Amino acid sequence: MWGAMQSDRTARGADGSGSMFDRIAVRYDLMNRVLSLGSDVRWRHRMVAALGSPAPRSVLDLATGTGDVACLVARRLARAEVVGLDPSEGMLAVARQKARVRGLGDRVHFVGGDAEALPFESASFDAVTMAFGIRNVPDRRRAVGEMRRVLRPRGRALVLELCEPQGHLLSPLVRLWNRQVMPRLGALVGAADAYAYLDRSIRAFPPAAVFAATLRDAGFAAVRFERLSFGAAALFVADAPA
Ligand SMILES: C[S@@+](CC[C@H](N)C(=O)[O-])C[C@H]1O[C@@H](n2cnc3c(N)ncnc32)[C@H](O)[C@@H]1O
């Protein structure tokens, strides 16, 4: 059921694609901590806490990357089976190693795949998570439709994404950090292009209210979002109808 897939875009190595992430996989976790000043860890905890109750028994983590969310879910929910999906084999290799070292290998499984065409039957998961991934998917509507399709009735989708902060006293500081500091730090580790793309993709992501409307259009019954860290990120919570 969880077969490997590779999209044309991945094969071409476009910005945000699996092959771009293959190139930065071994530095990815460290760069995340540095560039977000540790906030990424706090945001993922916030997302996993929002899985709610009753605790889901089967969770699909899309754009799982190096598996931080998948491992966190498995650690928090002792009875949950977790599948992490990503097109980057480099990121998945780091994820598999992480799950093994943490003793979670029996409940966390990683598969190659594209969020736009999920290799799962309809209604197969209690919850779907996606952290810092939807920005990279060219057809967001299709990916959101796929999330909805694989969720069971009353299942929950959680999407965590970086945003261009607006309207807060500290927003200009965050924008300056994204535009000036991130690409320079990326250049220091030989990945200037990937970290310049990061700022471009954050700017290209729609305002939170617009993305929430995309979730509603896909048939989610209750959709809400909360802004995190002066609007530098947003957590979307979308429940499938009964
Ligand atoms: C910024 S990383 C996020 C990784 C992880 N979720 C985290 O919390 O750190 C984005 C991930 O999206 C993946 N990605 C890119 N295109 C994708 C697609 N079409 N479907 C699913 N994942 C995709 C990349 O390979 C990469 O691992």
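Residues numbered from 1 in each chain as written. Predicted model: local features only at pLDDT ≥ 70, side-chain atom pairs only at ≥ 80, totals over all residues. Heavy atoms only, no water.

A.B. asks: Which parts of the structure should I look at to understand the overall build of the chain?
C.D. replies: In terms of helices and strands, the chain carries nine helices and seven strands. Relative to the compact-globule value of 18 Å for 242 residues, the chain shows a C-alpha radius of gyration of 17 Å, a close match. Each of the three principal axes of the chain carries a C-alpha extent, and together these read 45 × 35 × 35 Å. Here the chain, with 242 residues, has 55% of them falling under the buried criterion. A separation of at least 24 residues holds for 72% of the contacts in the chain among residues at least 6 apart in sequence. By element, 56% of the accessible surface of the chain is carried by carbon and sulfur atoms, the whole surface being about 10,700 Å². (Helix = DSSP H or I, 4+ residues; strand = E, 2+ residues; numbered from the N terminus. Rg over C-alpha atoms; globule rule 2.2 N^0.38 Å. Buried < 20%, exposed > 50% of the residue type's maximum accessible area, 1.4 Å probe, protein only. Contact = heavy atoms within 4.5 Å. Areas by Shrake-Rupley, 256 points an atom, 1.4 Å probe, with all protein chains shown as cover.)

A.B. asks: What exactly am I supposed to notice about the site of the ligand here?
C.D. replies: Surveying the vicinity of the ligand reveals 20 residues, the closest of which are Tyr28, Arg44, Ala63, Asp86 and Ala131. Within the side chain of tyrosine 28, one N or O atom sits 2.7 Å away from an oxygen atom of the ligand. One nitrogen or oxygen atom from the main chain of alanine 63 is found 2.7 Å from a nitrogen atom belonging to the ligand. Here the ligand has 600 Å² of accessible area as a free molecule, and 98% of this is covered by the chains. (Near = heavy atom within 4 Å. Polar contact = N/O pair within 3.5 Å; in protein donor to acceptor, adjacent residues only side chain to side chain.)

A.B. asks: Explain the pattern of salt bridges to me, please; I cannot follow it from the model alone.
C.D. replies: Note that side chains of opposite charge can pair when their charged atoms are close. As enumerated under the stated definition, the model contains 19 salt bridges in all. The salt bridge involving glutamate 116 is made with arginine 142; its shortest N-O contact spans 3.8 Å. A residue pair is termed long-range when its members are at least 10 positions apart, and glutamate 116 in the loop between strand 3 (108-112) and strand 4 (125-131) and arginine 142 in helix 6 (residues 140-150) qualify at 26 residues. Residue arginine 142 is classed as partly exposed on the basis of its relative accessible area of 47%. Among the salt bridges present, the one from aspartate 239 reaches arginine 156, with a minimum N-O distance of 2.7 Å. Of this pair, aspartate 239 sits in strand 7 (residues 233-239) while arginine 156 sits in strand 5 (residues 151-162); the two residues are 83 residues apart in sequence, bridging distant segments of the chain. Arginine 156 carries the same exposure label as aspartate 239, and that label is buried. Members of the salt-bridge network, linked through shared partners, are Asp29, Arg33, Asp40, Arg44, Asp68 and Lys98. (Salt bridge = Lys/Arg side-chain N within 4 Å of Asp/Glu carboxyl O.)

A.B. asks: Can you walk me through the packing of helix 2 (residues 18-35) against helix 5 (residues 89-101) in this structure?
C.D. replies: The relative placement of two packed helices is expressed as an angle between their axes plus a distance between the axes. Packing of helix 2 against helix 5 brings their axes to within 7 Å, and their N-to-C directions diverge by 30 degrees. When helix 2 is examined against helix 5, the residues Phe21, Asp22, Ala25, Tyr28 and Asp29 are found in contact with a partner set consisting of Glu89, Gly90, Met91, Val94 and Lys98. Split by residue class, the contact of helix 2 with helix 5 holds five nonpolar, one polar and four charged. (Axes fitted to C-alpha atoms, helices over the stretch in contact; angles between N-to-C directions. Nonpolar A, V, L, I, M, F, W, Y, C, P; charged D, E, K, R; others polar.)

A.B. asks: Can you walk me through helix 5 in this structure?
C.D. replies: A turn of α-helix holds 3.6 residues, and therefore any two residues three or four places apart point the same way. Look at helix 5: 18 Å from first C-alpha to last across 13 residues, which is about the 18 Å you get at 1.5 Å a residue. Summarising the contacts, the buried residues of helix 5 are in contact with helix 2, helix 4 (68-76), strand 2 (81-86) and strand 3. Phi turns positive one or two residues past the end of helix 5, at glycine 103, with a value near 70 degrees. (Expected span 1.5 Å × (residues − 1).)

A.B. asks: Please explain the sheet that holds strand 5 as it appears in this structure.
C.D. replies: Note: strands within a sheet are paired through backbone hydrogen bonds, in either parallel or antiparallel orientation. Read across the open sheet, the seven strands follow the order 3-2-1-4-5-7-6; overall the sheet is mixed. Both edges of this open sheet fall to strand 3 and strand 6 (222-228), since each of them pairs with a single strand only. Pairwise comparison of adjacent strand axes, ignoring direction, gives a mean angle of 15 degrees for this sheet. Taken together, the six bridges between strand 4 and strand 5 define a ladder with parallel strand orientation. Directly across from methionine 130, in strand 5, lies its bridge partner valine 159. Sitting on the sheet, helix 3 (residues 39-49) is in contact with strand 4, strand 5, strand 6 and strand 7, with an inclination near 165 degrees to strand 5. (Pairing = 2+ DSSP bridges.)

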